[in-house]
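# Reading the structure
So you can see what is in the structure, the chains are spelled out below.
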Amino acid sequence: MKIGLFGGTFNPVHTGHLNLVKNFKEKLGLDKILVIPTAQPPHKEAKALASSEDRINMCRLAFGDLAEISDIEMVRGGKSYTVETLEELKKKYPDDEFYFLVGSDMLLSFKRWYRWEDILSMCTLCATDRNNEESCRESDPDFFEKIIFCDFEKTVVSSTQVREKLERKEDVLRLIPEKVLNYIKEKGLYNA
């Protein structure tokens, strides 16, 4: 089975996340996608971080049948390192192929990730666009060979942008699913 892995803080989940997963699933012919919210992101400080339970619930509402939501990093706790998650998933799905799905922004910092070479030995790295392809090919051809680039139109939105709009009481319905917005309001997240 071909399994796509898509991790993130999802604080909150937004339409950019949904479109990325839909497009990767179609372009790569993935059988299943695991969406994996981080317990604590290792590469950035998460501002106004909603609880683990709230972020998982928002992901379930947003992705529905499109993807399975995994709490593997939440259960482990602490900083969420991709390599540790992959090691656990390899035990659970020993005969399956993993495709690690990232946006082009993550690709630029990937070689600074904890044990990035081990990550590449356990999965295929898939990036959203070819904007960085040429510089990647020139600077590190071996690294380039390990990446699948998929071209598709991306939704330009960030969780930070959504949180800021929510705090200012601005409309965010084109940025997040209505079910997620209703959940945010019900729980009083992000000063909504």
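Conventions adopted
- Residues numbered from 1 in each chain as written.
- Predicted model: local features only at pLDDT ≥ 70, side-chain atom pairs only at ≥ 80, totals over all residues.
- Heavy atoms only, no water.
- Buried < 20%, exposed > 50% of the residue type's maximum accessible area, 1.4 Å probe, protein only.
- Helix = DSSP H or I, 4+ residues; strand = E, 2+ residues; numbered from the N terminus.
- Pairing = 2+ DSSP bridges.
- Salt bridge = Lys/Arg side-chain N within 4 Å of Asp/Glu carboxyl O.
- pLDDT = per-residue confidence, 0-100.
- Polar contact = N/O pair within 3.5 Å; in protein donor to acceptor, adjacent residues only side chain to side chain.
- Contact = heavy atoms within 4.5 Å.
- Phe/Tyr/Trp six-rings, centres within 6.5 Å; stacked < 30°, edge-to-face > 60°.

### Notes on the pairing of strand β1 (residues 2-8)
Taken across its seven residues, β1 has five buried, putting it largely inside the fold. Where β1 and strand β4 (residues 97-102) come together, four bridges link them in parallel fashion. Opposite glycine 4, over in β4, you have tyrosine 99 as the bridge partner. Pairing geometry for β1 and strand β2 (residues 32-37), over six bridges, is parallel.

### Structural notes on the environment of threonine 124
When you line up the elements, threonine 124 lands in strand β5 (residues 124-127). The exposure class assigned to threonine 124 is partly exposed, which follows from its relative accessible area of 25%. On a C-alpha basis, the gap between threonine 124 and tyrosine 99 in space is 4.7 Å, while along the polypeptide they are 25 residues apart.

### So, the pattern of salt bridges
The final tally for this structure, using the stated rule, is seven salt bridges. Residues glutamate 88 and arginine 76 are paired through a salt bridge, measuring 2.6 Å at the closest nitrogen-oxygen approach. Pair noted here: glutamate 88 is in helix α4 (residues 82-92) and arginine 76 is in helix α3 (residues 72-76), with a separation of twelve residues, a long-range link. By relative accessible area, which is 33% here, glutamate 88 ends up partly exposed. Here lysine 165 ties to glutamate 170 by a salt bridge, and the two come within 3.1 Å at their closest N and O atoms. On the basis of relative accessible area, lysine 165 is assigned to the buried category, the value being 15%. A cluster of three or more residues bridged by salt bridges with shared partners is formed by Arg76, Glu84 and Glu88.

### Here's the deal with the confidence of the model for the protein
For the protein, the average pLDDT comes to 89, and 90% of its residues sit at 70 or higher. Within the protein, the lowest mean pLDDT, 59, falls on helix α7 (residues 133-139), and the highest, 98, falls on strand β3 (residues 68-69).

### What to know about the side chain of histidine 14
Within the secondary structure, histidine 14 is located in the loop between β1 and α1 (15-28). In this structure the side chain of histidine 14 is engaged in a polar contact, spanning 3.0 Å, whose partner is the backbone nitrogen of glycine 16. The residues contacting histidine 14, other than those within four sequence positions of it, are Val157, Ser158, Ser159, Val162, Leu175 and Ile176.

### Comments concerning the packing of aromatic side chains
Counted under the stated rule, the structure contains eight aromatic pairs. Ring geometry for phenylalanine 10 versus phenylalanine 63: centroids 6.3 Å apart, planes at 85°, classification edge-to-face. Here phenylalanine 63 lies in helix α2 (residues 52-63) and phenylalanine 10 lies in the loop between β1 and α1, a separation of 53 residues in the sequence. A residue is classified by how much of its surface remains accessible, and phenylalanine 63, at 4% relative accessible area, is buried. Ring centres of phenylalanine 24 and phenylalanine 152 lie 5.3 Å apart, and the angle between their planes is 85°; on these two criteria the pair is classed as edge-to-face. Remark: phenylalanine 152 occurs in the loop between β6 (147-149) and α9 (159-167) and phenylalanine 24 occurs in helix α1; sequence separation between them is 128 residues. By the burial criterion, phenylalanine 24 is buried, and phenylalanine 152 matches it. In this structure an aromatic cluster arises from ring pairing among Phe100, Phe110, Trp113 and Trp116.

### Description of the pairing of β5
The pairing of β4 with β5 spans four bridges and is parallel. Each residue of the ladder has a partner; that of valine 102, found in β5, is alanine 127. Bridge analysis of β5 against β6 gives three bridges, and the strand direction is parallel. By the bridge assignment for β6, alanine 127 is matched with phenylalanine 149.

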